[in-house]
Amino acid sequence: MSKPKGFIRRTKQRELILEVLKGTTCHPTADWVYEKVREELPSISLGTVYRNLRSLVEAGEVLELTFGSSFSRFDGNPENHYHFACEECGQVSDIDFPLQEELEKRVEESNRLKVHTHRLEFYGICQECLNKKE
Ligand code: ZN
Ligand code: MN
């Protein structure tokens, strides 16, 4: 049973989950999304939130970030972009990196192949945590 990519059934629950994700820059976990959505739909279950997040990821409307941890984080911005994960506080933030397209082109040229997508993750200590150390 495969759905064409990009096709997704619109439900009130799904719309709300998408809205919550697009309204934050914190790259939340499913639990965080669940707590937020529950403020408007108190009867929704965590399982329903998980299922809808899964569908949104499969439809390419949401990004799933794993960062090698046991739980995923979600991003309402589906465009390929880079992230920085703080090893002290666990915060995940967007990284501004202008060479994204150039990078794929360079890899294609030097290896003579075709790149469709790529992933790049940065790890370290965020500005807030750095400031606390001073
Ligand atoms: Zn930090
Ligand atoms: Mn992001």
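Look a little higher up for the structure.
Residues numbered from 1 in each chain as written. Chains lettered and ligands numbered in written order. Predicted model: local features only at pLDDT ≥ 70, side-chain atom pairs only at ≥ 80, totals over all residues. Heavy atoms only, no water.

Visitor: It is not clear to me how the overall build of the protein chain should be interpreted in this structure. Could you clarify?
Guide: Counting its regular elements, the protein chain contains 5 helices and 5 strands. Reading the protein chain from its N end, one meets helices and strands in the order α-α-α-β-β-β-β-α-β-α. Reported as C-alpha extents along the three principal axes, the dimensions of the protein chain are approximately 50 × 50 × 25 Å. Carbon and sulfur atoms make up 50% of the accessible area of the protein chain, which amounts to about 9300 Å² in all. Within the protein chain, the 23 negative side-chain charges are centred at a point lying 6 Å from the centre of the 19 positive side-chain charges. (Helix = DSSP H or I, 4+ residues; strand = E, 2+ residues; numbered from the N terminus. Areas by Shrake-Rupley, 256 points an atom, 1.4 Å probe, with all protein chains shown as cover. Lys, Arg positive; Asp, Glu negative; His and termini not counted. Charge placed at Lys NZ, Arg CZ, Asp CG, Glu CD.)

Visitor: Would you mind going over the coordination of the zinc ion (ligand 1) with me for this structure?
Guide: Six octahedral donors around a metal ideally subtend angles of 90 or 180 degrees, whereas four tetrahedral donors ideally subtend 109.5 degrees. Taken together, the protein donors to the zinc ion (ligand 1) comprise Cys-86 (SG), Cys-89 (SG), Cys-126 (SG) and Cys-129 (SG), at separations of 2.3 Å. For the zinc ion (ligand 1), the 4 donor atoms in the first shell make angles of 105 to 115° at the metal, a pattern classed as tetrahedral. Written as a sequence motif, the donor residues of the zinc ion (ligand 1) are C-x2-C-x36-C-x2-C. You can see Cys-86 sitting in strand β3 (residues 82-86) and its partner Cys-129 sitting in helix α5 (residues 127-133), a full 43 residues away along the chain. One exposure class covers both Cys-86 and Cys-129, and it is buried. (Donors = N, O, S within 2.8 Å, 3.2 Å for Na, K, Ca; no water. Tetrahedral: all angles 85-135°; square planar, octahedral: opposite > 155°, others 65-115°. Buried < 20%, exposed > 50% of the residue type's maximum accessible area, 1.4 Å probe, protein only.)

Visitor: Sorry if this is basic, but what is going on with helix α2 (residues 30-38) here?
Guide: An α-helical turn contains 3.6 residues, so a residue and the one three or four places further along point in the same direction. Among all positions in α2, only Ala-30, Val-33, Tyr-34 and Val-37 are buried. Buried residues of α2 fall within an arc of 105° about the axis and therefore sit on the same side. On its buried face, α2 is in contact with α1 (12-22), α3 (46-58) and β2 (73-75). (Arc of directions from axis to C-beta. Contact = heavy atoms within 4.5 Å.)

Visitor: Please explain the coordination of the manganese ion (ligand 2) as it appears in this structure.
Guide: Bound to the manganese ion (ligand 2) are the protein donor atoms His-27 (NE2), Asp-75 (OD), His-81 (NE2), His-83 (NE2) and Asp-94 (OD), situated 2.0 to 2.3 Å from the metal. All donor residues of the manganese ion (ligand 2) come from one chain, and their arrangement in sequence is H-x47-D-x5-H-x1-H-x10-D.

Visitor: Please clarify how unusual backbone geometry should be interpreted in this entry.
Guide: With the exception of glycine, the majority of residues adopt a negative phi angle, and the majority of peptide bonds are in the trans configuration. Phi at His-27 is positive, roughly 50°, even though this residue is not glycine. Within the secondary structure, His-27 is located in the loop between α1 and α2. Overall, the relative accessible area of 4% leaves His-27 in the buried class. Positive phi values are uncommon outside glycine, yet Arg-112 reaches one of about 50°. The topology assignment puts Arg-112 in the loop between α4 (100-111) and β5 (121-124).

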